[in-house]
Amino acid sequence: MRSLFPVTDETASSGPREWELDELADRYAYPTGETPWLRANMVSTLDGAAQHDGRSQPISCPADMRIFGTLRGLADAVVVGAETVRLEGYRPARAREAFAARRAAAGQEPVPAIAVVSGSLDLDFSLPLFTEPLVPTLIVTGAAAPADRVAAAQKAGARIVVAGDGSRVDPAAAVRGLADLGFTRLLTEGGPRLLGQLVAADVLDELCLTVSPMLAAGDAQRIAGGPSVEVPKRLRLASLLEEDGFLFCRYRRS
């Protein structure tokens, strides 16, 4: 891996090498004094596909997975849509020794909580995500969510976060609700519909985008779906890494 931006004397003179996890954690550290802070982590092919056969793994690579693990190792909570939970077979986050001291120093739990965004709560509460987490799984839903499904989620040990008055989740209220519970370093891993909602609500602070040197064709989803925003949102490039043709871009609010 090599750093293409920002360019320093060290990066200009050094060739590609495997970065230590501590180096990646320093590069992707959350900004200080900015709370809450919501970042997204997504992968896209050269022709804009966020998935292949419904999953992101086929267009990923080992370096992408190291960054994926690093971003999880820094987050208080991972925010994910219910459809992605179903398609990707989400499991609870696992504790990693490499991040134990860093998380303890930051006052964080040993692992990030998984926060599932769902208006209908059409979820299988017998899955390990709900039966085996080190910290309780969160379910972000609207005030009008089906009472029986809320009761089933609570019986399974999930913690309910109400975000919005209706059956749909209000993205801005979701971020505020998680922050009120102490989850201020937020990471979303999609899917595309959820990311589109967060973009439209103007609550996304940072995008970590892996550009995969692949072509997928077909009609696969882009990284963000849903209605177009009224005016395109401009972000600034914060850093750019490269390995084996994959580009690891990090953009922040202008």
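Residues numbered from 1 in each chain as written. Predicted model: local features only at pLDDT ≥ 70, side-chain atom pairs only at ≥ 80, totals over all residues. Heavy atoms only, no water.

### Some words on the pairing of strand S7 (residues 185-188)
Move 1: With four bridges joining them, strand S2 (residues 37-45) and S7 adopt parallel strand pairing. Within S7, the position partnered with Trp37 by the bridge is Arg185.
Move 2: Looking at chain direction, strand S3 (residues 77-81) and S7 are connected through three bridges and run parallel. The residue of S7 that forms the bridge with Ala77 is Leu186. (Pairing = 2+ DSSP bridges. Helix = DSSP H or I, 4+ residues; strand = E, 2+ residues; numbered from the N terminus.)

### Looking at the side chain of Thr141
Move 1: Secondary-structure assignment places Thr141 in strand S5 (residues 138-141).
Move 2: Only 3.5 Å separates the side chain of Thr141 from the backbone oxygen of Gly119, close enough to count as a polar contact.
Move 3: Those residues in contact with Thr141, other than ones at most four positions away along the chain, are Ser118, Gly119, Leu121, Ile160, Val161, Val162, Ala163 and Val169. (Polar contact = N/O pair within 3.5 Å; in protein donor to acceptor, adjacent residues only side chain to side chain. Contact = heavy atoms within 4.5 Å.)

### A look at the nonpolar core
Move 1: Counting residues in hydrophobic clusters, the biggest one holds 67 residues, and the most contacted among them are Tyr28, Val140, Leu178 and Phe248.
Move 2: Counting residues per element, this core draws most heavily on strand S4 (residues 113-117), at five residues.
Move 3: In this structure Leu178 touches Val79, Ala115, Leu138, Val140, Val161, Phe183 and Leu186, once residues within four positions along its chain are discounted. (Core = buried A, V, L, I, M, F, W, Y, C linked by side-chain atoms within 4.5 Å. Buried < 20%, exposed > 50% of the residue type's maximum accessible area, 1.4 Å probe, protein only.)

### Let's talk about empty space enclosed by the protein
Move 1: Tallied over the full model, the rule gives three cavities of 30 Å³ or more.
Move 2: Put simply, the largest cavity is a space of about 80 Å³.
Move 3: At four residues, helix H8 (residues 171-180) tops the list of elements feeding residues into the lining of the largest cavity.
Move 4: For the lining of the largest cavity, the residue count by class is 11 nonpolar, one polar and no charged.
Move 5: When its volume is computed, the second largest cavity comes out at roughly 40 Å³.
Move 6: Lining the second largest cavity are Pro92, Ala93, Val111, Pro112, Ala113, Ile114, Pro133, Leu134, Val135 and Thr137.
Move 7: Residues of the lining of the second largest cavity, tallied by class, amount to nine nonpolar, one polar and no charged. (1 Å grid on protein atoms, 1.4 Å probe; cavity = no way out; pocket = protein on both sides within 12 Å on 5 of 7 lines; lining within 4 Å. Points joined across faces, edges and corners; volume = space filled by probe spheres on them. Nonpolar A, V, L, I, M, F, W, Y, C, P; charged D, E, K, R; others polar.)

### Quick notes on H8
Move 1: H8 sits mainly inside the fold: seven of its 10 residues count as buried.
Move 2: Those residues of H8 not exposed but buried are Pro171, Ala173, Ala174, Val175, Gly177, Leu178 and Ala179.
Move 3: Structurally, the start of H8 carries an N-cap: the backbone nitrogen of Ala172 is 3.0 Å from a side-chain oxygen of Asp170.
Move 4: Gly182, located one to two residues past H8, shows a positive phi value of around 100 degrees.

### So, the side chain of Arg27
Move 1: Tracing the backbone through its elements, the reader meets Arg27 in helix H2 (residues 21-27).
Move 2: Put simply, Arg27 is tucked away with no salt bridge, and the nearest opposite charge, on Glu23, sits 8.2 Å away.
Move 3: When residues no more than four places from it in sequence are discounted, the contact partners of Arg27 are Ser3, Phe5, Pro6, Trp19, Ser239, Leu240, Leu241 and Arg250. (Lys, Arg positive; Asp, Glu negative; His and termini not counted. Salt bridge = Lys/Arg side-chain N within 4 Å of Asp/Glu carboxyl O.)

### What to know about the packing of helix H3 (residues 62-74) against helix H5 (residues 97-105)
A pair of packed helices can be characterised by two numbers: the angle between their axes and the separation between those axes.
Move 1: The N-to-C vectors of H3 and H5 enclose an angle of 30 degrees; their axes lie 9 Å apart at closest approach. By the angle class used here, H3 and H5 are roughly parallel. In this structure, the crossing between H3 and H5 has a hand that is right-handed. Contacts between H3 and H5 involve Gly69, Thr70, Arg72, Gly73 and Leu74 from the former and Phe99, Arg102 and Arg103 from the latter.
Move 2: Here the residues of the contact of H3 with H5 sort into two nonpolar, three polar and three charged. (Axes fitted to C-alpha atoms, helices over the stretch in contact; angles between N-to-C directions. Parallel < 35°, antiparallel > 145°, perpendicular 65-115°, else oblique. Left-handed = near helix turned anticlockwise from the far one by under 90°.)

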